[in-house]
Structures are given as structure tokens and as C-alpha cells.
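The residues making up each chain are set out below.
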Amino acid sequence: MNVQIDPSWKAQLNTEFEKPYFKILTDFVKSEYTTHQCYPKGSQVFAAFDHCSFDDVKVVIIGQDPYHGVGQANGLCFSVNDGIAMPPSLINIFKEIETDLQQEFPSSGNLERWAKQGVLLLNATLTVRAHQAGSHQKQGWEQFTDQVIKVISEQKQNVVFLLWGGYAKKKGAKIDTQKHLVLTSGHPSPLSANRGYWFGNQHFSKTNTYLKEIGAAPIKW
């Protein structure tokens, strides 16, 4: 099957693309995009991989679903397109960065700038039907993204995994903590953040401290 994805990832995931479940998933996604409004646009389904090659991965952030509102999703978890109002979770992410690193709140919620520095912004499910959260779950995407996490854990060293909320923690349960740094906290959504499970986690400074310790360039959050 010819999947349009960055070559460095294709080398790691080629066998996955040939599995029966992925053919069923592909047919499902094609059908959905033909018959319904879906997000992100087709060319951005694998944007997380296209903006951050396998060789460049230093940090992995795991999200759940793409945003399902008009013009929001761009294939990177928690990220929105330029000019789009920031959703509450993203606002809380930037608030934590503001206090953790004493840097200004950004004008755009587009996180491509993170991806280009080696942050893989991975949603567990890569597509969604407009205005229907979770509508493409349990169709095969989760199996595919589990394999992505497994490949990173097995083939790379010293990657920082940021697992926010119960879903991400479960998704990252098999990461090799002997080889990688795994940081966990509550989810940045208002429900979790307002209960004290998000703010003050200092994940952004902790990530950069670790990257410097292993001789890698810190992320300009």
C-alpha cells in the first residue's frame, strides 16, 4: 500500500502498512472523507511525521483525537492552524510554559515550530468526522499509533515522553523507562487543570534540562 509519509518513518513502519487492519482502516478513512466532512485535510493526516522525521524525534507528546471544529486540526496534537482561536487545553499548555519558563504567551497556536525541533505531536487517532469527537476511534488508528510508540521506544534512546492524562498514560504504558524519560501529569483540559492536576508540572523545563544533560539542543517552546 502506498502511504504518503516521510521516508524515514516509512522505513520503520512499512510492515505495518501491509497488515490487513491497515487496509481496512484506509478503506474506512477514504469512505469517510468521501461521504462526510472530516479533519484534518487529507494532506495533513500524517503531518506529525512529515514535520518531524524519525531520526529527529527528541520528544513525544501523545494526544487522543484531532480537533473536530472547522479549520482547527492540522495533523499535530493540541495544535491549531494560524489564525484559529486556541482551544482551552492549548491555552493551559501555554499558561504552564509561561510560568515554567517565564516566556511570553504566543500569538499563534500552530505547533509546527515544535515539530520542526524534534517534537512528535502524535494523536492516537489521526482523523475525525466534523463535529463528532471520537468518531474515528476503534477503526485501527490506535493499533497503528501503538506501533509508532513501540518503534520509538525500541529503536531510539533518550527520548522524552510527555503523557498528559489517563488516556496518554495508558497509551504509553509499555515505553522502556530504562532508555527514555517519561513525564506524567494530569491533562491540560480545564476539568483536570482546575483541579490542580496540570499546572506546576514543569514538564517543559524538565524536558529541556534532560535534553541538555544528554547533549541535545533544548526545545524553544
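Residue positions are counted from 1 within each chain, in the order its sequence is given. The model is predicted, so local features are restricted to residues of pLDDT at least 70 and side-chain atom pairs to those at 80 or more, both for listing and for counting; the totals for chains, interfaces and linings are taken over all residues. As a rule here, side-chain values come from all non-hydrogen atoms in the structure, and water together with hydrogens is ignored.

S.K.: Would you mind going over empty space enclosed by the protein with me for this structure?
M.R.: Any empty space left between the atoms is revealed when a probe the size of a water molecule rolls over them. Lining residues are defined by having an atom within 4 Å of a point belonging to a cavity or pocket. Those points lie on a 1 Å grid over the protein atoms alone, cavities being sets where a 1.4 Å probe fits but cannot get out and pockets being open sets with protein on both sides within 12 Å along at least five of seven lines. Grid points are joined across faces, edges and corners, and a volume is the space filled by probe spheres set on the points. This model, assessed by the stated rule, comprises 1 cavity of 30 Å³ or more. Its boundaries defined by the atoms lining it, the largest cavity holds a volume of some 30 Å³. In terms of lining residues, the largest cavity is bounded by Pro40, Val45, Pro66, Gly75, Leu76, Asn123 and Leu126. The residue classification treats Ala, Val, Leu, Ile, Met, Phe, Trp, Tyr, Cys and Pro as nonpolar and Asp, Glu, Lys and Arg as charged. All others, Gly included, are polar. Broken down by class, the residue content of the lining of the largest cavity amounts to 5 nonpolar, 2 polar and no charged.

S.K.: Explain the pairing of strand β5 (residues 160-164) to me, please; I cannot follow it from the model alone.
M.R.: Note on strand geometry: in a regular strand, side chains alternate between the two faces of the sheet. Burial analysis of β5 places 5 of its 5 residues in the buried class, the great majority of the element. Here's how the labels work: a residue is buried when its accessible area is under 20% of the maximum for its type, exposed when over 50%, partly exposed in between, all with a 1.4 Å probe on protein chains only. Numbered from the N terminus, helices here are DSSP runs of H or I no shorter than four residues, and strands are runs of E no shorter than two. Neither face of β5 is left uncovered, since the one carrying Val160, Leu162 and Trp164 and the one carrying Phe161 and Leu163 both have all their residues buried. Relative to β5, strand β2 (residues 59-63) is paired through 3 bridges, and the arrangement is parallel. Bridging across to β5, isoleucine 61 finds its partner in leucine 162. Two strands are said to pair when DSSP picks up at least two bridges between them. With 5 bridges joining them, β5 and strand β6 (residues 181-185) adopt parallel strand pairing. Counterpart to valine 160 in the pairing with β6 is leucine 181. A clockwise course of the path from the first strand over the helix to the second, judged with the strands pointing away from the viewer, identifies a crossover as right-handed. For the crossover from β5 across helix α7 (residues 165-171) to β6, the handedness is right-handed.

S.K.: Just checking my understanding: could you explain unusual backbone geometry for this structure?
M.R.: Most peptide bonds take the trans configuration, and most residues that are not glycine carry a negative phi. For the bond from tyrosine 39 to proline 40, the omega torsion is -5°, close enough to zero to count as cis. Summarising the element assignment, proline 40 is placed in the loop between β1 (38-39) and α3 (47-50). Positive phi outside glycine occurs at histidine 131, with the angle close to 65°. Mapped onto the elements, histidine 131 comes out in the loop between β4 (128-129) and α6 (141-155). A positive phi angle, near 60°, is found at lysine 138, a position not held by glycine.

S.K.: Can you walk me through α6 in this structure?
M.R.: What sets the pattern is the α-helix's 3.6 residues per turn: residues three or four places apart point alike. In this model, α6 (15 residues) spans 21 Å end to end at C-alpha, consistent with the 21 Å of a helix rising 1.5 Å per residue. Those residues of α6 not exposed but buried are Trp141, Glu142, Phe144, Thr145, Gln147, Val148, Ile149, Val151, Ile152 and Ser153. The span one expects for a helix is its residue count, reduced by one, times 1.5 Å.

S.K.: So what exactly am I meant to see when it comes to the nonpolar core here?
M.R.: As a rule of thumb, nonpolar side chains are buried together in soluble globular proteins. Within this scheme, the nonpolar core is defined by two criteria: the residues are buried Ala, Val, Leu, Ile, Met, Phe, Trp, Tyr or Cys, and they are joined through side-chain atoms within 4.5 Å. Among the nonpolar cores identified, the biggest contains 66 residues, and Phe49, Ile61, Trp114, Leu120 and Phe144 are the most heavily contacted of them. In terms of residue count, the dominant contributor to this core is α6 (6 residues). In what follows, a contact means two residues having at least one pair of non-hydrogen atoms within 4.5 Å. Apart from the residues within four sequence positions on either side, leucine 120 is in contact with Trp9, Ala48, Phe49, Cys52, Val57, Val59, Val60, Ile61, Val148 and Ile152.

S.K.: What am I meant to see in the side chain of asparagine 123 here?
M.R.: Summarising the element assignment, asparagine 123 is placed in strand β3 (residues 119-123). Engagement of the side chain of asparagine 123 in a polar contact is seen with the backbone nitrogen of glutamine 64, the distance being 3.3 Å. For this analysis, a polar contact is any N or O atom pair within 3.5 Å, provided that within protein one partner can donate a hydrogen and the other can accept it, and provided that sequence-adjacent residues contribute only side-chain to side-chain pairs.

S.K.: So what exactly am I meant to see when it comes to the state of the cysteines here?
M.R.: The bond known as a disulfide is covalent and runs between the sulfur atoms of two cysteines. Put simply, a disulfide is two cysteine sulfurs that come within 2.5 Å. Tallying each qualifying case throughout the model produces 0 disulfides. Free cysteine: cysteine 38, not disulfide-bonded; nearest cysteine sulfur from cysteine 77 at 19 Å. With relative accessibility at 4%, the residue cysteine 38 sits in the buried group. Looking at cysteine 77, it has no disulfide partner, and the nearest cysteine sulfur is the one in cysteine 52, 11 Å off.

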